[in-house]
Amino acid sequence: MAPKKGPRQERKPFDSSARKLKKTRAETELTTITQRVQELDAKVRLEAFSDLPLSDPTASGLSASHYKTLTDIQSRAIPHALKGRDILGAAKTGSGKTLAFLIPVLENLYRKKWTEHDGLGALILSPTRELAIQIFEVLRKVGRFHAFSAGLVIGGKSLKEEQERLGRMNILVCTPGRMLQHLDQTADLDVYNLQILVLDEADRILDMGFQQTVDAIVEHLPKTRQTLLFSATQTKKVSDLARLSLQDPEYVAVHEAASSATPSTLQQHYIVTPLPEKLDTLYSFIRSNLKSKTIVFMSSGKQVRFVYESLRHLQPGIPLLHLHGRQKQGGRLEITTRFSQAKHAVLFSTDIAARGLDFPAVDWVIQMDCPEDSDTYIHRVGRTARYERNGRAVLFIDPSEEAGMLKSLEQKKVPIERINVRAKKQQTVKHQLQNMCFKDPELKYLGQKAFISYVKSVYVQKDKEIFKVKELALDEFAASLGLPGTPRIKFIKGEDSKTQKNQPRALRYISSDESDQGEDGTKKMKKKEGVRTKYDRMFERRNQDVLADHYSKLINDDGTMVDQGNGINGDADEDDNFLTVKRRFDAGDQALGDEGSDASPSEGDEGDDNQETKPLSSTKDNIKAVKISDAAEPLVIDSKRREKLLKSKKKLLKYKGHGSKVVFDEEGNPHNAYELEDEDKFHAHGDADTQRAKFLETEAERTRLADLEDKEVAKQKKREKKEKRKARERELAEEEAESDAPGGRVAFLAPPDEGEFGADIGMSDYGDRGDQSELDEREATTNTKNKKRVSFSDDDSHDDDRVRKAKRSKRSHKTKSAPDEPVEVNTLEDLEALATGLLG
C-alpha cells in the first residue's frame, strides 16, 4: 500500500554547520596525526597497530581485515617510513613485509591530501605477476576506506584498456616490464609528482634479469622521492643503492643476528639421490603423502609440463597442478586460486612461485632440482612455515652437487640435515614412462624437451663448484624419463672442445691423421694441401645420395652438361611457344620490318583472325622517321601498326622520354631533385662505413631528442589541463561555501544602499534591471555548474522595493503618455503640475 500523504512540510534551509564541523574535524585530525608522527620514537618497540599514529581510514581497514598485532619487521620499519625516510628492509619469509610498506604508502598520501588530480603518488614494483596480484589484494583490504584510486598493471591484458585508466590512478602495483611499456607509450601516465617508490623482493628486481628495465624506469621518475626496498635476502651493493638514488637509507634487518636465515618452525632436510632416480623418488613421495599440500620446484617450464603430464597419466591419487611462465595470465591466476583453496594437492612449479606468494597451509616444499644459489633456496622453502606455523622442506641433491651446495647453505646460516629414503617404499616408474612414450609421441617429445632444458639449466649456472654438467649420468637420466635414446645436445662438447677450436687448422689435420684410417686400413678422406673451399667441404659431407643422384643426371663424368635433347629429357614434349615474350626493337632498327608478321591478331589489324598482316617494303621511299617530343630518337614508321601508333597518344607515351623532376636554386638554375655527390668529394669526407655510422648516430640522436621533446610537450599540456581543472573546482568549492553561509547570497543579491548612492547618481529603472539581470545570469550559471539546491533568505524587503519602483515607473509612464485623461488634484503641487502641462 502506498503511504498516506500527510501535510506538506516546508523544506528546511540547508544547514552548513555540519559540513564546516566535519571539515574542521578532519583538519584537526590531520594536524594531530602529523604531530604524533614527528614525536614518534623509531627505537621504541610497539606491539599493536593501535599504537601507531594512523588515520581513521587506515585503522578501520586494518581492523576490518583482522590485523591487530605488529610483527618485528612492521614495528621497526613502519615508524621510519612514516617519517619519510628511505628503507632497506630485510626479514625472513612470511614475516609480514607487505603491510610494512603498504601502510606508509597510504598514510603518506593521506597526510598530503592526495587526490586523483594530483597524478600518480606511489609505485610498487613486483618481480612476478602472482606476487603483484597478491599485493594488490592486500591493498584493497587495508585501504578500502580510503578515497585513493589503485590499479594493477601486470601484462597479459589489453594495453589499450590499461592506458585509458592509468591517468586517474594514485597507486600502481605492477611488474617492471609492463610498467616500462606504459612509461614509453602512455601519454596520460605522468610520474613527475611521484612520492613513493616501493620494490618488493628488491634483490630479484635489481638482479641481472631486470637490470636494464629498472634503470629505464628510474630514469622516468623524479629524484626527490621516498624509496622502500623489502626482501628476505636484502641487497647491500653500493651500485644497486646508487642506481635508485637512495638518500641515507635506514637498514632494518630484523633477523640479521638470528642463528638461522629461515624460520625456526621449518624442518629442513636433503636426500642424496642420483639424477636418474629423482623422478622415482618424487613419485614415491607423492604416493606416501596423499593427505598433504605440497609444492615441487623444478628448474624449467618444460620439465614442469613433462612431469605433470606423465604423473597425471599414472594417477597417484591426489590432485595435480602445474605453474610456469609460458602459461596465459588467466590460467596462471586460476591455478594459484585452486591451489590456495585446495586442502590436499601437489603443485609442480618453476621459480615463478618461489618469491612472496602466500599459499595457506602448505605442508611440504620439495626441491626436485638444485636451486641456483642459497638465496633462491631460502625463498623456495619460505612458501611453508609462514607466520610461525610449522612446515617441512626436502632438497634432492645429486652426488656431484652435495659438497658445493651444503657449503653455500652453511654460509647463509641455513641448518639442514640429511635423511635417507626407505627402500621398501621406493617405487619405479621407468618402465611405465617408456610404455607411455612409445604409445604417445607428444609425451615423448615433451620428454626430449625436458631433458634438454634441464641439462641446459645446469650448463648455464655460474657456480661451477655445484653444477658440473660433465659428471651427470645423462644416458641413464634419459632412460629414466622413458626416452628410447639420449637426445643430442649441441652446446655440450668434449673436454678438449675449446682446445680444438683454438688450434691452428694445419695442426688440427696433423693431429687427426690417426682418425683418417678406416677399419680396413684405407683412407677415409684424402687430405688436400692448400686452402679448402666450401665446395671441398660440401663433397666431404655424408648422406648426399639424393643430391648426387640429381647431380649425376645433369653432369657427365667429364664435367660437361648433359644434352637435354638426347638425354633424360629428350622425350619431353618441347613447346617453344608455351610462354611467349613480346619482341622489342629500338626505334630506327631495320628489323622492325619483320614485327608485323609475328604480331598476334589482337595487336594487329582488326578483322578475321586468319588474316595475316604483311609488312611494308623496307625501302627508303616507304620508311619515314617521325620526331616525337622528349624522345631520344625518332620513331621509325615502317609498318601499318606503327602508322596506327601516331593516332593514339596513349600508345605513344612509351616511346617518349621519361621526365625528370628538377628544382631551382636561388639564381634560377635547374637541378635534379636527387643529385649524386662526386665520388672524390664523397671519399674526402671519410670511409663509407664511417660516414654511414655517423649518419645513423646523428639520425638516432635527432629522433631521440624529438621523441623527448614530444613527450615533454604532451606532459606539459596534461599538467596545464590538470591545473585548470583543479582551479575550476576550487572556485566552485568557494562559491558553494559562500552560498552555504547564513543569509544566503547577500553579497550578490543585496542592491546598493539608496541613501549612499541614490542621491548622487540615482537608482534608475535601467540600472536596477541591469543589476537584476546580471544577478540572475550569475545565479543561473552557478546553479548549472553545482547542480545543487541554493536557499535564499532576508530578501523579501529588497523584492518589495523593486515592486514599488516598478509601479512608480509605470505611473509616470502613463502620466506622460496620456495627458488628456482626467487627473485627480489633491494638493497644491498637483495643481501646479496640471497647469504646467496645460500651458506647455
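Residues numbered from 1 in each chain as written. Predicted model: local features only at pLDDT ≥ 70, side-chain atom pairs only at ≥ 80, totals over all residues. Heavy atoms only, no water.

On a plain count of helices and strands, the protein chain comes out with 31 helices and 18 strands. Counting all 840 residues of the protein chain, 36% fall into the buried class. Nonlocal contacts in the protein chain, meaning residues at least 24 apart in sequence, comprise 71% of its contacts between residues at least 6 apart. For the protein chain, the accessible surface area stands at approximately 54,200 Å², while carbon and sulfur atoms represent 50% of it. (Helix = DSSP H or I, 4+ residues; strand = E, 2+ residues; numbered from the N terminus. Buried < 20%, exposed > 50% of the residue type's maximum accessible area, 1.4 Å probe, protein only. Contact = heavy atoms within 4.5 Å. Areas by Shrake-Rupley, 256 points an atom, 1.4 Å probe, with all protein chains shown as cover.)

Turning next to the side chain of H269. By the secondary structure assignment, H269 is in strand β8 (residues 266-272). Taking the relative accessible area as the measure of exposure, H269 reaches 16% and is therefore buried.

Below, the discussion takes up the sheet that holds strand β12 (residues 364-367). Strand order in the open sheet made by the seven strands is β10-β11-β9-β12-β13-β8-β14, with parallel pairing throughout. One side of each edge strand has no neighbouring strand; the edge strands of this open sheet are β10 (320-323) and β14 (417-418). Across four bridges, the pairing between strand β9 (residues 293-297) and β12 is parallel. The residue bridging I295 from the neighbouring strand is V365, located in β12. Along the sheet, helix α14 (residues 374-381) contacts β8, β9, β12 and β13 (391-397); its crossing angle with β12, the most-contacted strand, is approximately 150 degrees. (Pairing = 2+ DSSP bridges. Axes fitted to C-alpha atoms, helices over the stretch in contact; angles between N-to-C directions.)

If you walk across this open sheet you meet the seven strands as β3-β4-β2-β5-β6-β1-β7, and the pairing is parallel. Lying at the two open borders of the sheet, with one neighbouring strand each, are β3 (150-153) and β7 (250-253). If you compare each strand with its neighbour and ignore which way they point, the axes differ by 15 degrees on average. Alignment of β3 against strand β4 (residues 171-174), held across four bridges, turns out to be parallel. What sits directly across from L152, in β4, is V173.

So, about a negative patch on the surface. Residues D207, E372, D373, D463 and E465 make up a contiguous surface patch of negative charge. Tracing the chain through its elements places D373 in the loop between β12 and α14. By relative accessible area, D373 is classed as partly exposed at 30%. (Patch = residues over 30% accessible without salt bridge, like charges linked within 9 Å, V, L, I, M, F, W, Y side chains within 5 Å. Salt bridge = Lys/Arg side-chain N within 4 Å of Asp/Glu carboxyl O. Lys, Arg positive; Asp, Glu negative; His and termini not counted. Charge placed at Lys NZ, Arg CZ, Asp CG, Glu CD.)

This paragraph deals with the UniProt feature "domain: DEAD-box RNA helicase Q" (unreviewed entry) in the protein chain. Here, UniProt's "domain: DEAD-box RNA helicase Q" (unreviewed entry) annotation points to residues 47-75. Here residues 47-75 runs as 45% helix and 0% strand, with 7 Å between its end C-alpha atoms. (UniProt positions renumbered as here; feature names shortened; annotations may be inferred.)

Next up on the list: empty space enclosed by the protein. Evaluated as defined, the whole model comprises two cavities of 30 Å³ or more. Space inside the second largest cavity adds up to approximately 60 Å³. Forming the boundary of the second largest cavity are K278, L279, Q303, F306, V307, M368, A450, F477 and L481. Only α11 (278-288) and α12 (301-314) provide two or more residues apiece to the lining of the second largest cavity. Residue contributions to the lining of the second largest cavity peak at three residues, all from α12. When its residues are assigned to classes, the lining of the second largest cavity shows seven nonpolar, one polar and one charged. (1 Å grid on protein atoms, 1.4 Å probe; cavity = no way out; pocket = protein on both sides within 12 Å on 5 of 7 lines; lining within 4 Å. Points joined across faces, edges and corners; volume = space filled by probe spheres on them. Nonpolar A, V, L, I, M, F, W, Y, C, P; charged D, E, K, R; others polar.)

Before going further, it helps to examine the environment of V455. Mapped onto the elements, V455 comes out in helix α17 (residues 441-459). Here V455 falls in the buried class, since its relative accessible area comes to 0%. With 17 residues separating them along the chain, V455 and L472 place their C-alpha atoms 9.0 Å apart.

The subject of this paragraph is the environment of L646. Inspection of the secondary structure puts L646 in the loop between α23 (640-645) and α24 (649-652). Note: C-alpha distance between L646 and V626 (20 residues apart in sequence) is 9.1 Å. Here L646 is in contact with V626, L635, I637 and L652, once residues within four sequence places are set aside.

Interaxial distance between helix α3 (residues 72-82) and helix α4 (residues 97-111) falls to 9 Å at its minimum, and their mutual angle equals 25 degrees. Classified by the angle their axes make, α3 and α4 are roughly parallel. Our pair here, α3 against α4, has a crossing hand that is right-handed. Here I73, Q74, I78, A81 and L82 of α3 come into contact with α4, specifically with K97, L99, A100, I103, P104, E107, N108 and R111. Of the residues assigned to the contact of α3 with α4, the class counts are eight nonpolar, two polar and three charged. (Parallel < 35°, antiparallel > 145°, perpendicular 65-115°, else oblique. Left-handed = near helix turned anticlockwise from the far one by under 90°.)

Right, let's talk about the nonpolar core for a bit. Counting residues in hydrophobic clusters, the biggest one holds 119 residues, and the most contacted among them are I171, L282, F348, Y377 and F451. In terms of domain composition, this core takes at least three residues from each of domain 1 (23-253) and domain 2 (266-460). Sequence-distant contacts of F348, defined by excluding residues within four places in its chain, comprise L282, I286, V296, M298, V304, V307, Y308, L311, L320, L321, H322 and L323. Among the nonpolar cores identified, the runner-up in size contains 30 residues, and L123, M179, V191 and L206 belong to it. (Core = buried A, V, L, I, M, F, W, Y, C linked by side-chain atoms within 4.5 Å. Domains from an automatic or database assignment.)

This brings us to the pattern of salt bridges. Inspection of the entire model under this criterion finds 20 salt bridges. D118 is the partner of K726 in a salt bridge, and the nearest nitrogen-oxygen pair spans 3.0 Å. Taken together, the positions of K726 in helix α26 (residues 688-739) and D118 in the loop between α4 and β2 (122-125) put the pair 608 residues apart, joining distant regions of the chain. Assessed through its relative accessible area of 14%, D118 is described here as buried. Residue E712 is joined to R719 by a salt bridge in which the shortest nitrogen-to-oxygen separation is 4.0 Å. Taken together, the shared-partner salt bridges in this structure form one network comprising D184, D707 and K711.

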